[in-house]
Amino acid sequence: MQFTDFWIGKIQADNLPEAIDAAGLIKYLSVFTSDEQCFHIIFQWHETTLRRTNDWWFPRQELFKLIQSKVNKKGRLTETLMHCLELLDTSEKKSVTVAEDRVNIQIDILMHGGPEPLVSRRDPLGILVVEFLSNIRSTRQQEYWTSFVEHCLNAGEGNMPALKWWNRAKILVNRIDPDYFIMRMKDWVSFCQGQMMSIHAGRKHSFVDYNISYLSAINHNMLKAFIWCCAIPDNKALMDLLEAYAPWAYKKKGNAGPLSAKTGTACLYAFTCLPFSQALGRIARLRGLVRHAATLKSIDRILQSLAQKYGVPLHELDEYMVPDFGLDQQGSLRISVGELTGVYTLQHSGKPTLSWEKDGKKSGKGPAVQSAGLKDFKRLIREIDDALSANAIRLERSFLRQHPWQYTHWRAVYLEHPLMKTLANRLIWRFQNNGQHTIGYCMDGHIVDHLGKPLILGADTQVTLWHPMNEPVKTIRAWRSFLSRHHIDQPFEQVNRKIYTPSNEELADCYYSSRFACHVLNRQKFKHVITQRGWTLRQKAEHNWSYVPHITLADWDIRVNFFADTKEEDTVVTDLLNFYKDGEPLPLGDVPPVVFSEMIRDIGLFVATAGTTELHKRP
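Everything in this summary refers to the structure shown in the same document.

Basis of the calculations
- Throughout, a residue's number is its position along its own chain's written sequence, starting from 1.
- Under the rules for a predicted model, residues below a pLDDT of 70 receive no local features and side-chain atom pairs below 80 are neither given nor counted, while totals for whole chains, interfaces and linings still include all residues.
- No hydrogens and no water enter the side-chain calculation; it runs on all heavy atoms of the structure.
- Secondary structure elements follow DSSP: runs of H or I no shorter than four residues count as helices, runs of E no shorter than two count as strands, and numbering proceeds from the N terminus.
- Here's how the labels work: a residue is buried when its accessible area is under 20% of the maximum for its type, exposed when over 50%, partly exposed in between, all with a 1.4 Å probe on protein chains only.
- Throughout, a residue-residue contact means that at least one pair of heavy atoms, one from each residue, lies within 4.5 Å.
- Computed with the Shrake-Rupley method and a 1.4 Å probe, the accessible areas treat only the protein chains shown as cover for residues.
- Strands are labelled as partners when DSSP assigns at least two bridges between them.
- To obtain an axis, a line is fitted to C-alpha atoms, over the contacting stretch when the element is a helix, and the angle between two such axes runs from 0 to 180 degrees between their N-to-C directions.
- Take a side-chain nitrogen of Lys or Arg and a carboxyl oxygen of Asp or Glu: if they are within 4 Å of each other, that pair is a salt bridge.
- Any pair of nitrogen or oxygen atoms within 3.5 Å is treated as a polar contact; in protein, a donor-acceptor pairing is required on top of that, and neighbouring residues in sequence qualify only through side-chain atoms on both sides.
- The rule is short: rings of Phe, Tyr and Trp, with Trp giving its six-membered ring, pair when the centres are within 6.5 Å, and they are stacked under 30 degrees, edge-to-face over 60, tilted in between.

**Comments concerning the overall build of the protein**
Helix and strand counts for the protein come out as 23 helices and 16 strands. Here the protein holds 619 residues, and the buried ones make up 46% of them. Taking contacts inside the protein between residues at least 6 apart in sequence as the whole, the part at least 24 apart equals 64%. Only carbon and sulfur atoms are counted for the fraction: they give 51% of the accessible area of the protein, which is about 31800 Å².

**Notes on the environment of T341**
Within the fold, T341 resides in strand β2 (residues 340-346). Through-space distance from the C-alpha of T341 to that of S355 is 8.5 Å; in sequence the pair is 14 residues apart. Once residues lying within four places of it in the same chain are set aside, the contact partners of T341 are R334, I335, S336, S355, W356 and E357.

**Brief notes about the sheet that holds strand β1 (residues 332-337)**
Strand order across the open sheet formed by four strands is β1-β2-β3-β4, with antiparallel pairing between neighbours. Both edges of this open sheet fall to β1 and β4 (361-363), since each of them pairs with a single strand only. Pairwise comparison of adjacent strand axes, ignoring direction, gives a mean angle of 35° for this sheet. Where β2 meets strand β3 (residues 352-358), six bridges bridge the pair, whose relative direction is antiparallel. Note that in β3 the partner of Y344 across the bridge is L354. Contacts from helix α17 (residues 372-396) reach β1, β2 and β3, with the element oriented near 5° to β2.

**Looking at the sheet that holds strand β7 (residues 436-443)**
Strand order in the open sheet formed by five strands is β5-β9-β6-β7-β8, and the pairing between neighbours is antiparallel. Looking along the sheet, the strands with just one partner apiece sit at the ends: β5 (405-406) and β8 (446-448). With six bridges joining them, strand β6 (residues 428-433) and β7 adopt antiparallel strand pairing. Directly across from R430, in β7, lies its bridge partner I439. Together, β6, β7 and β8 form the strand contacts of helix α20 (residues 473-485), whose direction differs from that of β7 by roughly 15°.

**Considering the pattern of salt bridges**
Taken as a whole and assessed by the stated rule, the structure comprises 21 salt bridges. Close ionic contact of E493 with R601 constitutes a salt bridge, the shortest N to O distance being 3.3 Å. Placement of the pair is E493 in the loop between α20 and α21 (504-509) and R601 in helix α23 (residues 593-610), with a sequence separation of 108 residues. R497 is the salt-bridge partner of E598, the closest N and O atoms lying 2.8 Å from each other. One end of the pair, E598, is in helix α23; the other, R497, is in the loop between α20 and α21, and 101 residues separate them in sequence. Residues E598 and R497 agree in their burial class; the two are buried. Here the salt bridges share partners, and the residues they tie into one network are E396, R397, E493, R497, R533, E598, R601 and D602.

**Regarding the side chain of D123**
Along the chain, D123 turns up in the loop between α6 (98-112) and α7 (124-134). Of the polar contacts made by the side chain of D123, one reaches the side chain of S216; its length is 2.8 Å.

**A look at the packing of aromatic side chains**
Taken as a whole and assessed by the stated rule, the structure comprises 29 aromatic pairs. Summarising the aromatic geometry, the rings of F276 and Y310 are spaced 5.2 Å apart at their centres and angled 55° between planes, so their arrangement reads as tilted. Within this pair, whereas F276 is found in helix α14 (residues 276-287), its partner Y310 is found in helix α15 (residues 293-310), the two being separated by 34 residues in sequence. Under the relative-accessibility criterion, Y310 is labelled partly exposed at 35%.

Structure follows, in structure tokens:
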């Protein structure tokens, strides 16, 4: 055993060359050792290496193949070799990778027998699939289903399937009877949804011997592939089931993030196989439920691929995602609540109203009893109000948009959308046609100027949101008079919008603005308002509360940084503001005027909303 002594001594000295470790040991075990010596060496490796270094030092897959070859030579699994397999098993670990889980499944098959597909039997879904495959009587159907399951086990770790894998999946699914395939997918997905609901409710499943939160690693990927393939039969009931499954997958379990973000995102990919409007509607509804940053990035990548598939510019994607919440073209929503009918209306003034009807006549009182239907109605009203606020902020950001809308597209997504028309009909727009610029307002379905005269517009007309910067005082006063005369309350300041320009001190500093430096802000309010306005909050380091809020203006290729730091645990002290273009600081004098004005306005809003007091002025 001189080799073993040498090897163990090297391990204890933490100085063993990795090439000799794996290759040398495997060769030695395969040629020179009996079963008992093999167990002794693997045990020493397990006890010494595994406790002192990472799992990378313990080549489970190679050791399993070695033991498997010994079993094949003997024709049976001896008790000693079974103990060797137990050393390779990682079922009791808190987290198991796909590679480790694959070895665990191979150990299961070698020790207990089983089907050829490497389906883990360490969670309920695995047992369900294994039992299904073993009970198929038709040889042909068993071949079809086994090939399909094996293909799903090799789906990989990505959020979207590879093209080669997807094309093969279509062939395998189309070999199976469509009704039978749909029924089986419904059973498995709904079963997994029930498992998640039990976990979120705090009920423990029967697989407490295995340390898994939902599914084993390999079965988790298999379920993800099942969900992808639900899009192949083109069945609405399956898509509805996925839409019901995804919110449970995205729901957080304690502080550990979503329980199954990968299968939730798989549902969104399945939706991309639907027609554009249907796909976008389903994805938009689910995206609104997600708060986890990494998951949002995965969803955005799927949205980008969807936009690319249908040739939709990315800057127009948000406009297609606005739900109508069941509102009619008059901006009214009617919901039956018991014997009464609730009527929620978005008025032209921007102030919504809620009234009740009974038997087609107005009722002065609403329901006296709090019912489930009334709660759902109130929840829907809150969602509409939240959507109005969020889209008002998004529309306000259009002041910085450099891509004009084509008139037909603009009219469809703003003036004819039941929700967005409430905002768009209270704003002033600029129209460009054949090099001529005109300013107009939508009044009773027609675009008019400040005198009420209709404007002649065509399909080629380009539309932008009107900004008072660089406009003559006479024009601004005329539009103020128009809005006042018609009692119009704009969703955000437009005609009365303040204009900010760099001061002499800021131009002298060249790269930095200290206009809003040295303010002490409430940290929670600060975080809320900057994210609401589309800024990104990035902590400098985990051990402190230092922030660098920033926003990237893609149309201008400009990044804006607003530095901040903590004074106490619940406060933030503001610092300088600067602009970057192409990775280089941008002099304030070179910042486009509308960009400077809008960014200073944002910072002023942050300070006004989250401000508590002000420190000494910066000299």
